Number of protein chains: 4
Amino acid sequence: MRQTSVLDDLLSAITDNRLFRERRRPKRISRADLAAMLAALYSGQGEASSTERAEEFLRAYRDLDSAGRTFVYRTLATDYGPEPDALAAAAKAYLDKPSETNAKALQVAAEPRRVEIFRRLNLVQGGTQALVAMRLELFARLANHPELWTVDDDLRRLFQAWFNRGFLLLREIDWQTSAAILEKIIRYEAVHEIQDWEDLRRRIDVPDRRLFGFFHPRLGDEPLIFVEVALTEDVPTAIEPILTDKREPIDPQAATTAVFYSISNCQDGLRGISFGSFLIKQVADDLARELPNLKTFVTLSPVPGFAQWLREEAARPTSAVDEPTRLLLDSLDGPDWLDDPALAKAAETALTPLIAYYLTEAKDARGRPADPVARFHLGNGARLEQINFAADRAPGALATAHGYMVNYRYILSDVERNHEAFVNEGKVACINAVSRLTRGVKVAERDAAAGPKQLPPPAAEKANAAAS
Amino acid sequence: MRQTSVLDDLLSAITDNRLFRERRRPKRISRADLAAMLAALYSGQGEASSTERAEEFLRAYRDLDSAGRTFVYRTLATDYGPEPDALAAAAKAYLDKPSETNAKALQVAAEPRRVEIFRRLNLVQGGTQALVAMRLELFARLANHPELWTVDDDLRRLFQAWFNRGFLLLREIDWQTSAAILEKIIRYEAVHEIQDWEDLRRRIDVPDRRLFGFFHPRLGDEPLIFVEVALTEDVPTAIEPILTDKREPIDPQAATTAVFYSISNCQDGLRGISFGSFLIKQVADDLARELPNLKTFVTLSPVPGFAQWLREEAARPTSAVDEPTRLLLDSLDGPDWLDDPALAKAAETALTPLIAYYLTEAKDARGRPADPVARFHLGNGARLEQINFAADRAPGALATAHGYMVNYRYILSDVERNHEAFVNEGKVACINAVSRLTRGVKVAERDAAAGPKQLPPPAAEKANAAAS
Amino acid sequence: MRQTSVLDDLLSAITDNRLFRERRRPKRISRADLAAMLAALYSGQGEASSTERAEEFLRAYRDLDSAGRTFVYRTLATDYGPEPDALAAAAKAYLDKPSETNAKALQVAAEPRRVEIFRRLNLVQGGTQALVAMRLELFARLANHPELWTVDDDLRRLFQAWFNRGFLLLREIDWQTSAAILEKIIRYEAVHEIQDWEDLRRRIDVPDRRLFGFFHPRLGDEPLIFVEVALTEDVPTAIEPILTDKREPIDPQAATTAVFYSISNCQDGLRGISFGSFLIKQVADDLARELPNLKTFVTLSPVPGFAQWLREEAARPTSAVDEPTRLLLDSLDGPDWLDDPALAKAAETALTPLIAYYLTEAKDARGRPADPVARFHLGNGARLEQINFAADRAPGALATAHGYMVNYRYILSDVERNHEAFVNEGKVACINAVSRLTRGVKVAERDAAAGPKQLPPPAAEKANAAAS
Amino acid sequence: MRQTSVLDDLLSAITDNRLFRERRRPKRISRADLAAMLAALYSGQGEASSTERAEEFLRAYRDLDSAGRTFVYRTLATDYGPEPDALAAAAKAYLDKPSETNAKALQVAAEPRRVEIFRRLNLVQGGTQALVAMRLELFARLANHPELWTVDDDLRRLFQAWFNRGFLLLREIDWQTSAAILEKIIRYEAVHEIQDWEDLRRRIDVPDRRLFGFFHPRLGDEPLIFVEVALTEDVPTAIEPILTDKREPIDPQAATTAVFYSISNCQDGLRGISFGSFLIKQVADDLARELPNLKTFVTLSPVPGFAQWLREEAARPTSAVDEPTRLLLDSLDGPDWLDDPALAKAAETALTPLIAYYLTEAKDARGRPADPVARFHLGNGARLEQINFAADRAPGALATAHGYMVNYRYILSDVERNHEAFVNEGKVACINAVSRLTRGVKVAERDAAAGPKQLPPPAAEKANAAAS
């Protein structure tokens, strides 16, 4: 499983060469010893000695089985929250006298003690990686141990400070980049799989293709997120002409359009900390400076929630999906229906207004666009520009979006305004041609509670990891 | 004045070339506009637009006069603490039901709102420098505006997260280093002033001298702290033979001793965030690995609080300073008394037990060693190894320490034990020869409150900045 | 074909982005124009304008067809040798008065004029690569145009100056190296083919494998030669345990032996300029410094000429190969004979003395060891250490060496002595066990002229390109 | 003396740390041993062992006194020229049959044997530096030992191959550059002395000043040549406004003119190998690309030979210098004559036509412009643009050029044509305003032999070293 190998990779980075042989004979560690190690790590006062205790703990952690690791998280949750008596006293004092001093004392008392443990683990070489990897393991336990959520929340807050955009490095990835980084690009690409090194090469070693990623000084060769860009002469309407190995590259100076055709988050352990918006904005800025002929910045994005929404919508008593379309949907299950011209034509006619409606009108439980990729780009201030039928014939895209893809467009001067309208008024930016499409869709009134359900978390997370 | 120029340097880093000409015509900004900018910075929800607002605010700040800057800090203090009603409600809820959920809600409510503003300022290119520079300006206002202390505390906590030792880079500084960094070394050396580039060269471009510094990815060429090391064949008893331009370098492979003869903190804006302990430990480790013949790691350190303590002690009714010594002290004011052999001999006999007493017994109001440099090294787990009379004849050293210097020794295997004993029992590690010296010092009992006062903050701070 | 793609790669490096579109419409260039371009290139006196003429010529050359290129080489051969009258005059003057001045004038007159043309081509970006690529094309024409040999000789002499070992850079190649370099390693490995990126990774991204190459500042990412090293606990007797993907890496600190198991020359255009001896020596030095436990430096090398020599030897009337062995040889043609224990045993018994004899006694027409790999390592001062039966079961190794491999050992303190004895006395260094093996081989006296013929140039060259 | 220290620097680079202590006890080496070392170095056949012999020789050389070094050069001159018998035989063979083969054999026989020694010395770490340093020492001996000229010529030819422009690296030098390089810039600046690090900073750490140098991979931090550039809004007429510390920098984007105000050759040991033409051309190209508003590329150059030429001219019976001017010249000896307005006016009126005449008409013995700086820039294809009176008041400039400076202008599209006209027809490119100036100058006809003598070599060399 991928996460395990990431975890092992990251943890092995902690254990440098001195530990080379040691690694193979894991030691048994008692629960009491683990608890004592955490206590020492928390209470020790010298910074330098903290380092040794942190290394010792991480080595012990590395050798733990799954139950041992669960014990660690549960101990952090139960024994290392804020000190209850101190917090109650500080709360009382503030209520008695709501001064700045008492507010500050309350802030201090409210910080969970485990935060200090995490800070100390971050002191050692490899500590940041280890904590990112540990948060991944925490996720895996949340279903059975919901009380661990506060531990997760503490880590997320720390990561938000440590992975502040100001600390990230933008790097262009090309054929001069090290194999160590490139193999991670191959592994992490989540939208349009990279088959092998030759496929990678077609994406980074030709004049009209670019790849940029954010890195963090402490995670070394590990990308946080990356975006793949095609330089073209038109806004693309399908993915195949971009990925094919049979095309001729164009002169980048002649390109008018930069297409963000794939964005992949790489570190599941950093879930909830968002980098994509900055990445797109900075890449667009840099490209515009390098290539003054670039005028249009668009994505070519999947619509991961469309097919599921359509199924659910079709099943409703009062539905945006009329009877003929409902019947049509049954014909779209197989892989080859796009090859039947009549069927394809019928599907395009029936579904295009519905996907337009889905993208602009369907909302999740929090009132945001139901589609996670739409949510991401519209939230960034892009506008919905174009809906492309039969744009991705890969089985995954057929199953989740009946082969549709869409272009979101970033107009740099409008991004701020779109973003504000989206956040404050829930307004989706889209061009008239798209909004006109939705007019044919008739839906009976219904209350929000009965509206399309939010995607269940794991799927949403996955879609988010591949937001483009 | 140094701080101003640092500030200007740092702030000018924010304003890149596009602003080249603009810089010269500062615009007047009204208080209302400033307040609105802060409000927009706090409330804006898009990450990308935050960046623009942060840049806009920093440009405005750069053009403010002193009163305008004070206005900014006061607004942050009064309008951007935790939201009082929300905090009170959260405090009440926790007291009613001290659950994890309520504790977390209380933690969230207790975070001052200005912290979010600082996080957003950190998003932009140059943001970290700007915040470090702003904290310097905040210090300058604390005396007249004591209510600003919470703003300072918030910045300190953020810096503690951002400047976690895990994010620091250790770099060796030598003649291959850029002039941009070297000039900062010249400027920041606070213990033994570097006269010019030739003097610098004698400290970094000879085989038996080394210089190491910590850097942070976001501060670029700005060192945080650096240490100068001499490789010698003996523990040194004076500074002149180390700094002289008339010595022959030795083969580093033949050296047995690494002398940390100067440690300088460079960023006053990072006051309260300690790097020295890590630096010494890591440099000692690296040198030990590179030069296996190195067996002894010592400092050659100033005693910045001795003369002042002695004056105060001598003025007490029941004092450790006897009458003849009191008279002798009056003879030590001029610059040349060390050249009078009889006087020098008398001073050495009288003062050496007193300085041993000062270093090992005199405490500050918080029960820690009164001398800031002693506090630093003993707190790191070093032991007081040797007291050197007439070790530094520079006017500053004569004025603050009657020319004394001391060696603190780092024995890597004892550091942890010494540190624990120091923290838990207040025990000062020193060799017998030193503790024997103090036996001759007789002091009548007196209560702690009447004990030697803590150095007033500015002086203490300065001494700390040059802790070695 | 490989050479063509190398050539295109190299020449395309000349043509930078400005030429991007131009590249697709090759222009026809007349013979007269080509001749005029060469003349202008030779006669132009300004250095700066030489650059433009050189670029212009290289662009023209790039667009030439094969006949056009042949015309260029023939023109260089016939029209740009030394100026005959001037050379004759200088020769006469020297014979009249053999002074230093006349010797110098003769030296100047004897330099072919094309050398100046080559120097000027080297001025431009990509010029060195172009000349290396052009020499490759020259080789291809030597068979039909033997008069071009002097042009080749001129290039070789220039390359000898430009690729002086002092200008080479040794780089360690590992997983941090750029994909651009790694793909060349995959392409150029000539001894034990690298299947794919995973196979490469097994050779450079494990603790007990290393790869080092020589690079030249002007050839960028193009390696000149590289060597692959395995760190082991014993002298290996077969290649499979080194290349297998089923082994566990060892701790490099525990290794006692460095095995040079593959050496590949990469630039056929630099034929005749030898780098291997320096590479082995420098890598051995560097490894010995890094890993003090390394005591033994050996190769695991092919014997590319053995099978052919054996066939020729067996065909002689008075031969070292006796009748039973002659018959046995016919059984060794298929791929599986090593799986027949009796046959394998018989082959080992019969062939091992013969290969020992071949390696130590068989000479080429110039009196050097007949085997090119033996010639290389013995000439470097290594000694023949061990002969390994059934050491390489790959079809190529079975065909050229009946599966044998040998170890040559570099004992750093003996290298000089061995080398001198080899050069001055033709003495082959080998351990007694090997020389004892040869005693059983009886060969009637015969004259040198009838001795084993030297391998024909192309094959020899190929073997040399993969000398290990 | 400067050269000695350069030599010691360079030679000490050969002797790495292993030799640290050894360096202080030079060993006496007999003449016979020296001769034997040279013989071994020449005759040894193994490349690897060559390295050891070369190191051994260079260590020995380093410890030699001046007479010992002279012995080395004389031995190289007398014993290591071409082998006389072989050369005579080859010359005869060629005269008998002037075939390509015999021409090649003659070329081989004509190469002095010492060239192989130099190639082998170049094999070792630091070898190139050592040879460059040795050529410097050779220069110092040429006056007393004219027979050494062939040795010098051999080195020059080798350097021409090794320092081919294709191998040079252009680097921009700024405040991010290492102190090791910057101190060399300070030391080598030969035209307008750099006072100290602050002066240097004014030339490289402001937005409207640039400094570029050529480096060679083998000489590490040693620049070969560098040029200082000022970005301005006008063609400058004096040096002081460029060098002053009292100016405000301008925005480089607003600059229209790039002024090459100082060019310094750094390696006297590379005398005769010209880099300046390439440097100017490449820097002009790079700046034009970076700053599209730059339209004008000019120098601000000294006229180092004017005063001497004027003295000699004035002393002739039929002279371009009339009587009043002759008298005037006597008033221009002191330092302050420019402060006397009447005198200054008279000098300008009288001398400006003469300097125009000197620059455009006066020739050296080989028919080239008499002034070395004029020769350099006109030879590069620049044109004489402007003559500036009272442009440099430094004592040196007053003594050599009566304070005049001139601008040579590089018009990229004319460079080629100017250069050809200069080389083929001896035509000096200058604007009409300048050529008109010369009309007033009347000189009686005289033959070339009686013309102004070429500057004696050492002075010419120095002027060339500072050609700008």
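(A) Examining the overall build of chain A more closely. The helix and strand inventory of chain A stands at 21 helices and seven strands. With 468 residues in all, chain A has 56% of them scored as buried. Contacts spanning at least 24 positions in sequence make up 75% of the contacts within chain A whose residues lie at least 6 apart. Entry remark: accessible area of chain A is about 19700 Å², with carbon and sulfur atoms responsible for 51%.

(B) Structural detail: the interface of chain A and chain B. Contacts between the two partners involve 55 residues from chain A, matched on the other side by 55 residues from chain B. Counting the surface lost from both chain A and chain B, the interface buries some 4600 Å², and carbon and sulfur atoms represent 60% of this. At the junction of chain A and chain B, the tally comes to twelve salt bridges. For Asp153 of chain B, the salt bridge goes to Lys104 of chain A, with nearest N and O atoms at 2.8 Å. At the boundary of chain A and chain B, one finds 20 residue pairs in polar contact (both at pLDDT 80 or more). Tallying contributions element by element places helix 6 (residues 100-110) of chain A first for the side of chain A that touches chain B, with eight residues.

(C) Structural detail: the side chain of Thr232 of chain A. All names here are of chain A. Along the chain, Thr232 turns up in strand 3 (residues 223-232). For Thr232, a relative accessible area of 14% puts it in the buried group. Of the polar contacts made by the side chain of Thr232, one reaches the backbone oxygen of Asp234; its length is 2.7 Å.

(D) Focus on helix 19 (residues 412-425) of chain A. All names here are of chain A. Between its terminal C-alpha atoms helix 19 stretches 20 Å, which fits the 20 Å expected from 14 residues at 1.5 Å a residue. Looking only at helix 19, the buried set comprises Asp414, Val415, Asn418, His419, Ala421 and Phe422. Just downstream of helix 19 lies Gly426, where phi reads positive at about 65 degrees.

(E) Just the interface of chain D and chain B, in detail. Contacts between the two partners involve 20 residues from chain D and, on the opposite side, 20 residues from chain B. Carbon and sulfur atoms supply 51% of the area that chain D and chain B bury against each other, a total of about 1600 Å² over both sides. Seen at the junction of chain D and chain B, the total is two salt bridges. The shortest N-O distance in the salt bridge between Glu183 of chain B and Arg201 of chain D comes to 2.3 Å. One can count twelve residue pairs in polar contact (both at pLDDT 80 or more) joining chain D with chain B. Of the residues assigned to the side of chain D that touches chain B, the class counts are ten nonpolar, three polar and seven charged.

(F) Quick peek at the relation of the copies chain A and chain B. The two copies are related by a screw motion: chain A maps onto chain B through a turn of 180 degrees and a shift of 0.0 Å along the axis, at an RMSD of 0.1 Å. Overall, the copies show the geometry of a two-fold rotation axis. Proximity to the rotation axis, assessed at the C-alpha, singles out Ala91 of chain A in chain A; its C-alpha lies 2.5 Å from the axis. The fraction of interface residues of chain A whose copies in chain B are also interface residues reaches 100%, indicating that both copies meet through the same surface.

(G) Structural context of the relation of the copies chain D and chain B. Placing chain D over chain B gives an RMSD of 0.1 Å and needs a rotation angle of 180 degrees, together with 0.1 Å of translation along the axis. The residues that chain D uses at the interface reappear at the interface of chain B in 100% of cases, marking a shared surface.

(H) View of the environment of Glu248 of chain B. Tracing the backbone shows Glu248 of chain B in the loop between helix 12 (240-243) and strand 4 (257-265). Once the C-alpha coordinates of Glu248 of chain B and Val206 of chain B are considered, the two residues, 42 residues apart in sequence, prove to be 9.5 Å apart.

Calculation notes
- Counting starts from 1 at the beginning of each chain's written sequence and moves along it residue by residue.
- Naming scheme: in the order in which they are written, chains are lettered from A and ligands are numbered from 1.
- Given that this is a predicted model, residues contribute local features only at a pLDDT of at least 70 and side-chain atom pairs are listed and counted only at 80 or more, while totals for whole chains, interfaces and linings are drawn from all residues.
- With hydrogens and water excluded, all non-hydrogen atoms of the structure serve as input to the side-chain values.
- By the criteria applied, helices consist of DSSP H or I runs no shorter than four residues and strands consist of E runs no shorter than two, each listed in order from the N terminus.
- Only protein chains enter the accessibility calculation, which uses a 1.4 Å probe. A residue is then buried if its area is under 20% of the maximum for its type, exposed if over 50%, and partly exposed in between.
- Contacts are assigned to residue pairs with any non-hydrogen atoms lying within 4.5 Å of each other.
- In these tables, accessible area is a Shrake-Rupley quantity obtained with a 1.4 Å probe, and a residue counts as shielded only by the protein chains included in the view.
- Buried area is a sum: the accessible area each of two parts loses on coming together, probed at 1.4 Å, counted once for each and added.
- Salt bridges are counted wherever a side-chain nitrogen of Lys or Arg sits within 4 Å of a carboxyl oxygen of Asp or Glu.
- Whenever two N or O atoms come within 3.5 Å, that pair is a polar contact, provided that in protein one can donate a hydrogen and the other can accept it, and provided that, for residues adjacent in sequence, both atoms are side-chain atoms.
- Multiplying 1.5 Å by the residue count of a helix minus one yields the expected span of that helix.
- For this classification, the nonpolar set comprises Ala, Val, Leu, Ile, Met, Phe, Trp, Tyr, Cys and Pro, the charged set comprises Asp, Glu, Lys and Arg, and every other residue, Gly included, is treated as polar.
- We place the copies in one frame by least squares, fitting the C-alpha atoms of every residue whose pLDDT is at least 70 in both.

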